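One letter stands for each residue in the lines below.
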Amino acid sequence: MSFQVVCFDCDSTLSKIEGIDELARRVGLGEELAKLTDAAMNGEVALEEIYGKRLELIKPNRAALDWLGEFYISELVDGVADVFAELHKHNKTIHIISGGLLPAILPLAKLLNVPAENVHAVDVYFAENGDYLDYETKSPLAKNGGKAAIIKSLNSTSLVMIGDGKTDLEAQQAGAKVIGFGGVVDRKLVHEKADFFVVNSNLTAVLPHII
Ligand SMILES: [Mg+2]
């Protein structure tokens, strides 16, 4: 199949890390919070139940988000740059749709030539001194169903979502197709429900399903 609009998840899809888990690990809360994230991505608990809880514990400041932005890029999944170059060459419209934190994802998007307005993620608010104040509590992406809402708003009949987690499957509710990416984490639920699934650790394995 060929698609005109190509949407990517970020964590465990474009980058090998789970951003919020890494922020937790950085302040010594790693194990406990990683379990929560994993439970949400496997569909065992609702995302909105854990989203605010994790951030309230971590309180990521501006420096932490800058650090995470660099970490996303240094842990880029193999083949990502090739995939984006190929999609740009074919004039595909690319979006990044993530339940991660916007300030940390924007540098990665910039590197891949994805305009900031095509990056959909959860914003974070800081005090003047850079301390964490709050996150964008109204963002649909901090809740289950958020990715479906964003995809519906893109209003395309030729759209594919590529991702590793349960929330990426929501694209199907919006009438889109899903390519499950198991190159970082191979999740049983996604493996079963996605329209296509790739287990290759190199993201270029998704290209034959898109172009
Ligand atoms: Mg993910």
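Structural data are supplied above this passage.
Below, the structure is looked at part by part. (Residues numbered from 1 in each chain as written. Predicted model: local features only at pLDDT ≥ 70, side-chain atom pairs only at ≥ 80, totals over all residues.)

**A word on helix 4 (residues 62-74)**
The criterion, for reference: Secondary structure counts use DSSP, requiring at least four H or I residues in a row for a helix and at least two E residues in a row for a strand, with both numbered from the N terminus. Take the number of residues in a helix, subtract one, and multiply by 1.5 Å to get its expected span. Three classes are used. A residue is buried when 20 or more other C-beta atoms lie within 10 Å of its own, exposed when 12 or fewer do, and partly exposed in between, with C-beta atoms placed from the backbone. The directions considered for the arc are those from the helix axis to the C-beta atoms. Once C-beta atoms have been placed from the backbone, residue pairs whose C-beta atoms lie within 7 Å are recorded as contacts.
Taking 1.5 Å per residue, 13 residues should reach 18 Å; helix 4 reaches 19 Å between its end C-alpha atoms and fits that length. Residues Ala64, Leu65, Leu68 and Tyr72 constitute the buried set of helix 4. For helix 4, the angular spread of buried residues about the axis comes to 95°, placing them on one side. Opposite the packed face of helix 4, turned more than 90 degrees from it, sit the exposed residues Ala63, Glu70 and Ser74. Buried-residue contacts for helix 4 involve helix 1 (19-26), strand 2 (93-101), helix 6 (102-111) and strand 4 (124-126).

**Quick look at the environment of Ile211**
Position of Ile211 among the secondary structure elements: in the segment after helix 9 (207-210). Here Ile211 falls in the partly exposed class, since 14 other C-beta atoms lie within 10 Å of it. For Ile211 and Leu87, which are 124 residues apart along the polypeptide, the C-alpha to C-alpha distance reads 7.8 Å. With near-sequence residues (within four places) excluded, Ile211 lies in contact with Ser2 and His90.

**Quick look at the nonpolar core**
As a rule of thumb, soluble globular proteins bury nonpolar side chains together. Threshold: Buried Ala, Val, Leu, Ile, Met, Phe, Trp, Tyr and Cys residues form a nonpolar core when they are connected through C-beta atoms within 7 Å.
Counting 60 residues, the largest nonpolar core has Cys7, Ile105 and Val160 as its most contacted members. If you tally residues by element for this core, the top one is helix 6, at five residues. Beyond its immediate sequence surroundings of up to four residues, Cys7 is in contact with His95, Ile97, Ile151, Leu159, Val160, Met161 and Ile162.

**Things to note about the sheet that holds strand 3 (residues 119-122)**
How we decide: For two strands to pair, DSSP has to find at least two bridges joining them. Whenever a helix is involved, its axis is fitted only over the stretch in contact; in every case the axis is a line through C-alpha atoms, and angles between N-to-C directions fall within 0 to 180 degrees.
Strand order in this open sheet of six strands is 3-2-1-6-7-8, and the pairing throughout is parallel. At either end of the open sheet lies a strand with only one pairing partner, and these are strand 3 and strand 8 (196-198). Mean inter-strand twist for the sheet, computed between neighbouring axes without regard to direction, equals 15°. In this sheet, strand 7 (residues 177-181) lies alongside strand 6 (residues 159-163) in parallel orientation, the contact comprising four bridges. What sits directly across from Gly163, in strand 7, is Gly180. Sheet strands in contact with helix 6 are strand 2 and strand 3, and its direction is about 150° off that of strand 2.

**Digging into the pairing of strand 3**
Stated precisely, the cut-off is as follows: Handedness rule for crossovers: strands pointing away from the viewer, path from the first strand over the helix to the second running clockwise, crossover right-handed.
Inspection of the sheet shows strand 2 paired to strand 3 by three bridges, in the parallel sense. By the bridge assignment, Ile97 is partnered in strand 3 with His120. Handedness of the β-α-β unit built from strand 2, helix 6 and strand 3 comes out right-handed.

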